[in-house]
Amino acid sequence: MKKTIFLLPKEKNPTTGGQQYDIHFTQVIKQIDSSVEVVTDDKLAWNSRISFLYNFIYLFKLKTFRNADLIITNSRLYPRLFFFLSILKFLNTKTKLICIHHHYNFLTHSGVKRSLNKYFEIKFLKMFSGIIIPSRYVKTLTENLLDNPKIYLLEIGFDKKPRKYENKTSINKLLYVGTIEKRKGIHLLLEALKEVREEYELNLIGGYKPDNDYYLSLLGLLKDNNLKGKVFFRGRVSNEELRNYYMQSSVFVFPSLHEGYGMVIIEAMSYGLPVIAFNNSAIPYLVKDNYNGLLAENQNFSEMQVLLNKILKDTQLLNNLKENALRTFNEVKSSEDLVKDIKIFYEKIFYEN
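Residues numbered from 1 in each chain as written. Predicted model: local features only at pLDDT ≥ 70, side-chain atom pairs only at ≥ 80, totals over all residues. Heavy atoms only, no water.

A. Quick peek at the sheet that holds strand 8 (residues 200-205). Judged by pairing direction, the sheet is parallel, and its six strands sit side by side in the order 9-8-7-10-11-12 without closing on themselves. With partners counted over all chains shown, the strands left at the sheet margins are strand 9 (231-235) and strand 12 (293-296), one partner each. The average angle at which neighbouring strand axes cross in this sheet is 20°, direction not considered. Across four bridges, strand 8 lies against strand 9 in parallel orientation. (Pairing = 2+ DSSP bridges. Helix = DSSP H or I, 4+ residues; strand = E, 2+ residues; numbered from the N terminus. Axes fitted to C-alpha atoms, helices over the stretch in contact; angles between N-to-C directions.)

And the structure:
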């Protein structure tokens, strides 16, 4: 019997879209093959904040990994797996290595840090006999960065159950959903809102640490830009609460500086919310300017401010964008489509060269 191991940070309670995809992928494979083993940080009885140390921690389970016919992991783990997988490949050539690749981490850095991350990230991807990619944007990047990569495009699927669309509010309610971190560009959104004159309320949904430097800087922007009473950090919320925020909102704002896919964009469109975002990375693959949302030049918060004023006072524009946001959602892959793609992939993977 063929032996498959998933090597991931966690197996439940995802906090990002990428983790959600990985865990769903794992669950589908486990339904097909009950012998699949999932190795996570808690199963190693270790939780190190120094990623590099995992290269040595995994050696304690080297025998387990050497006996595997297939190992599937996530490319984001390259700092903790680079040297370990190099050793594993040297000791054992029969194990097929596959990674799930959501986005390029080096693109979120600059200077020397960008160059170092690019070097190790590309070298890491070249260790694998196949790369699972959920995004056409990342697929294109990978084809340009690697020589003849073996790519399995397994696009993200979404639950197509009918949503409720209330949007019954006397003021425009803006919504952001995502982590509260610098890569998400929330500071630029707060700069844009400084000159928005239309009445609105912005709810920011996503986890943060109260003593985090970036979060504290955002609180400073709220004060400096006179946004208190208009902008609210709601933290992490339950699924039911999140649904209510979607239903009660009128526009989804997503100032992210880099996305491999942007699952939350489609989730917002499933509730009929048009999206205002910056024109970068994977975002224009989903948000079509003046069709299902509005795109500002990358990092240009002044242009985002103009677009916010425009959509908040033009009811006809808002309604047209809402209708097209729903059309976009209806055209994306369903979760059932993704399950079929995963099953086909798993049936073939052991027999490919």
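B. Structural view of the sheet that holds strand 5 (residues 130-133). If you walk across this open sheet you meet the six strands as 2-1-3-4-5-6, and the pairing is parallel. Across the chains shown, the open sheet's two edge strands, defined by having one partner strand only, are strand 2 (37-39) and strand 6 (151-153). Strand-to-strand twist across the sheet, computed as the mean angle between neighbouring axes with direction ignored, equals 20°.

C. Region of interest: the side chain of Asn309. Topologically, Asn309 is positioned in helix 12 (residues 301-313). The buried category is assigned to Asn309, whose relative accessible area is 14%. In this structure the side chain of Asn309 is engaged in a polar contact, spanning 3.2 Å, whose partner is the backbone nitrogen of Arg197. Among all residues touching Asn309, those that are not within four sequence positions of it are Glu195, Val196, Arg197 and Glu198. (Buried < 20%, exposed > 50% of the residue type's maximum accessible area, 1.4 Å probe, protein only. Polar contact = N/O pair within 3.5 Å; in protein donor to acceptor, adjacent residues only side chain to side chain. Contact = heavy atoms within 4.5 Å.)

D. Representation of the nonpolar core in the model. Core analysis: the largest hydrophobic core is formed by 84 residues, its most contacted members being Phe25, Leu193, Phe252, Leu308 and Phe345. Not counting chain neighbours up to four residues away, the residues in contact with Leu193 comprise Leu174, Tyr200, Leu202, Leu227, Val231 and Leu308. Counting residues in hydrophobic clusters, the runner-up holds 33 residues, among them Cys99, Phe128, Ile133 and Val138. (Core = buried A, V, L, I, M, F, W, Y, C linked by side-chain atoms within 4.5 Å.)

E. Region of interest: the environment of Leu145. Its location among the elements puts Leu145 in helix 6 (residues 136-145). The sequence separation of Leu145 and Leu222 amounts to 77 residues, and the corresponding C-alpha distance is 40 Å.

F. Geometry of the side chain of Arg80. Within the secondary structure, Arg80 sits in helix 4 (residues 78-91). Residue contacts for Arg80: discarding those within four places in its chain leaves Pro9, Asp41, Ser51, Tyr54, Asn55 and Tyr58.

G. Quick peek at helix 13 (residues 315-331). Relative to the 24 Å expected for 17 residues at 1.5 Å per residue, helix 13 spans 25 Å between its end C-alpha atoms, a close match to the ideal helical length. Turning to helix 13, its buried residues are Leu317, Leu318, Leu321, Lys322, Asn324, Ala325, Thr328 and Phe329. Buried residues in helix 13 make contact with strand 7 (172-177), strand 10 (251-254), helix 10 (263-269), helix 11 (283-286), strand 12 and helix 12. Regarding helix 13, its N-cap is Asp314, as a side-chain oxygen of that residue lies 3.3 Å from the backbone nitrogen of Gln316 further along. (Expected span 1.5 Å × (residues − 1).)

H. The environment of Thr64, seen in detail. Tracing the backbone through its elements, the reader meets Thr64 in helix 3 (residues 62-66). Thr64 sits in the partly exposed class, given a relative accessible area of 26%. Between the C-alpha atom of Thr64 and that of Ile5, which follows or precedes it by 59 residues, the distance is 8.8 Å. Discounting residues that sit within four places of it in the chain, Thr64 has contacts with Ile5 and Glu37.

I. Layout of a nonpolar patch on the surface. Together, Ile50, Phe52, Leu53, Phe56, Leu59, Phe83, Ile87, Phe90 and Leu91 line one region of the surface with nonpolar side chains, adding up to about 840 Å² of accessible area. The greatest single-element share of the nonpolar patch, amounting to four residues, is contributed by helix 4. (Patch = residues over 30% accessible without salt bridge, like charges linked within 9 Å, V, L, I, M, F, W, Y side chains within 5 Å. Areas by Shrake-Rupley, 256 points an atom, 1.4 Å probe, with all protein chains shown as cover. Salt bridge = Lys/Arg side-chain N within 4 Å of Asp/Glu carboxyl O.)

J. Representation of the packing of helix 4 against helix 5 (residues 111-125). Between helix 4 and helix 5, the least distance of the axes is 10 Å, while the angle of their chain directions is 50°. By the criterion of interaxial angle, the relationship of helix 4 to helix 5 is oblique. As for the relative orientation of helix 4 and helix 5, their crossing is left-handed in sense. Residues Tyr78, Leu81, Phe82 and Leu85 of helix 4 form the contact with helix 5, whose participating residues are Asn117, Phe120, Glu121, Lys123 and Phe124. Of the residues belonging to the contact of helix 4 with helix 5, the class tally is six nonpolar, one polar and two charged. (Parallel < 35°, antiparallel > 145°, perpendicular 65-115°, else oblique. Left-handed = near helix turned anticlockwise from the far one by under 90°. Nonpolar A, V, L, I, M, F, W, Y, C, P; charged D, E, K, R; others polar.)

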